[in-house]
Amino acid sequence: MTPRVKHAFKYRFHPTDAQAAELSRTFGYVRKVYNLALEARSEAWWSRRERVGYNDTSAMLTAWKKTEDLGFLNEVSSVPLQQALRHLQTAFANFFAKRARYPRFKAKKKSRKSAEYTTSGFRFREGALALAKMAEPLNIVWSRPLPEGARPSTVTVSQDAAGRWFVSLLCEDPGIQPLPANGNAVGVDAGLEHLLTLSTGEKITNPRHERRDRRRLARAQRELSRKAKGDGANRAKARRRVARIHARITDRRRDGLHKLTTRLVRENQVVVIEDLTVKNMLKNHALARAISDAAWSEFRSMLEYKAKWYGREVIVVDRWFPSSKLCSACGTVADTMPLNVRTWTCGCGTTHDRDVNAAKNLLAAGLAVSACGAAVRPRSGLFPVGAVGLEAGSPAA
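Residues numbered from 1 in each chain as written. Predicted model: local features only at pLDDT ≥ 70, side-chain atom pairs only at ≥ 80, totals over all residues. Heavy atoms only, no water.

Caption draft 1: How the structure looks around the pattern of salt bridges. Here the structure, examined in full by the defined rule, presents 23 salt bridges. Close ionic contact of R252 with D213 constitutes a salt bridge, the shortest N to O distance being 3.2 Å. Here R252 is found in helix α6 (residues 233-267), whereas its partner D213 is found in the loop between α4 (209-212) and α5 (214-226), with 39 residues between them in sequence. For R252, a relative accessible area of 22% corresponds to the partly exposed category. A salt bridge links D275 to R319; the nearest nitrogen and oxygen atoms lie 3.1 Å apart. Of the two residues, D275 is situated in the loop between β10 (270-274) and α7 (278-281) and R319 in the loop between β11 (313-317) and β12 (343-345); the sequence distance between them amounts to 44 residues. For R319, a relative accessible area of 37% gives the class partly exposed. (Salt bridge = Lys/Arg side-chain N within 4 Å of Asp/Glu carboxyl O. Helix = DSSP H or I, 4+ residues; strand = E, 2+ residues; numbered from the N terminus. Buried < 20%, exposed > 50% of the residue type's maximum accessible area, 1.4 Å probe, protein only.)

Written out as structure tokens, the structure is:
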């Protein structure tokens, strides 16, 4: 029996004034508890070389609630406060496993406003969701139905910079099942002129979402810069106008990536991509804005988790593989290949479109790794290819 996949269903909701005040207070207290626990754990280690875990910080939270200075923590549900401590424990686990940097303190203005509730902190009955410490259920805009009989295991409430409220319900989704194998494979080359180029020769246009709203965004940012710094109402309104434009850009970009990655996963059994170092590429200030708008990292993340959902395979080729300089017909590697060269002719007489050729080479390299786990050997030398993100049970796993 295939295990059911947990899927987060996210919805807009419109809180009452009392609910908004309660949630805003909860967000602040969650941030306060997280920072207090991080300070306690850091101080214990650097001053006494003592490791403090989740159970210790949970006991600290109980003690904090009994003090005069932090007694206000009793005003909100204890569930999201405990979840903040669990999130801190996860952050430290990722740090010790060298998957992330040392946990940082949450700033009041820049940190994400969110609170997570487990089953003891909410009530879900007949399509109505009520959180602890609230008398009325949330006014949720049910833009799509939950799976039949779904029972949320966790509920996350958040507010974005544009002032919009969201609730995310984590449920088991029986509708996510492995797709029938079709034997198709495709290489994908990411770019800026075209967002993606496939080994089939298809080029997917880069929608450039940020550029479409650049003039409107610049005007809103100029208006914000003219407002006096501080917590005045006019500056807050101007900041929300900027945030709404950014939110619209983000929503369009994410919607397009969802549609694109779903299509690639449904149509192909194997998808081969390149391991791009986006963080380093953003240091090129001439291209940083366009690279950020392309959202290659988000594309890869979506592609990998959807492949896992539907029983597909994603192969990631090593970043040093010369996909653009390698002739897909004869295997010869060109000496140089400047970015402005979009078409080139190999010594064997084959004329290549740079991006299509790169996608074909990525596909060949990925299939070679999937078949035998070996390196790829063009005629002029040996180039290692690494495969990651393979599904359990796949030929290369």
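Caption draft 2: Geometry of the sheet that holds strand β2 (residues 113-118). Spatial strand order, β1-β6-β5-β2: four strands in an open sheet with antiparallel pairing. Whereas interior strands pair on both sides, the edge strands pair on one side only; in this sheet they are β1 (5-12) and β2. Averaged over all neighbouring strand pairs, the angle between strand axes comes to 20°, with direction disregarded. Sheet topology note: the strand β5 (residues 154-159)/strand β6 (residues 165-173) ladder contains six bridges and is antiparallel. Bridging across to β6, T156 finds its partner in S168. (Pairing = 2+ DSSP bridges. Axes fitted to C-alpha atoms, helices over the stretch in contact; angles between N-to-C directions.)

Caption draft 3: Helix α9 (residues 296-310), seen in detail. The first and last C-alpha atoms of α9 sit 21 Å apart over 15 residues, in line with the 21 Å expected at 1.5 Å per residue. W296, F299, M302, L303, K306, A307, W309 and Y310 are the residues of α9 that are buried. Here the buried residues of α9 occupy an arc of 155° about the axis, which is enough to place them on one side. Once α9 finishes, G311 follows within two positions and takes phi at roughly 70°, a positive value. (Expected span 1.5 Å × (residues − 1). Arc of directions from axis to C-beta.)

Caption draft 4: Here's a closer look at a positive patch on the surface. A grouping of R215, R216, R219, R222 and R226 is seen on the molecular surface, where their side chains present a positively charged patch. Tracing the chain through its elements places R216 in helix α5. (Patch = residues over 30% accessible without salt bridge, like charges linked within 9 Å, V, L, I, M, F, W, Y side chains within 5 Å. Areas by Shrake-Rupley, 256 points an atom, 1.4 Å probe, with all protein chains shown as cover. Lys, Arg positive; Asp, Glu negative; His and termini not counted. Charge placed at Lys NZ, Arg CZ, Asp CG, Glu CD.)

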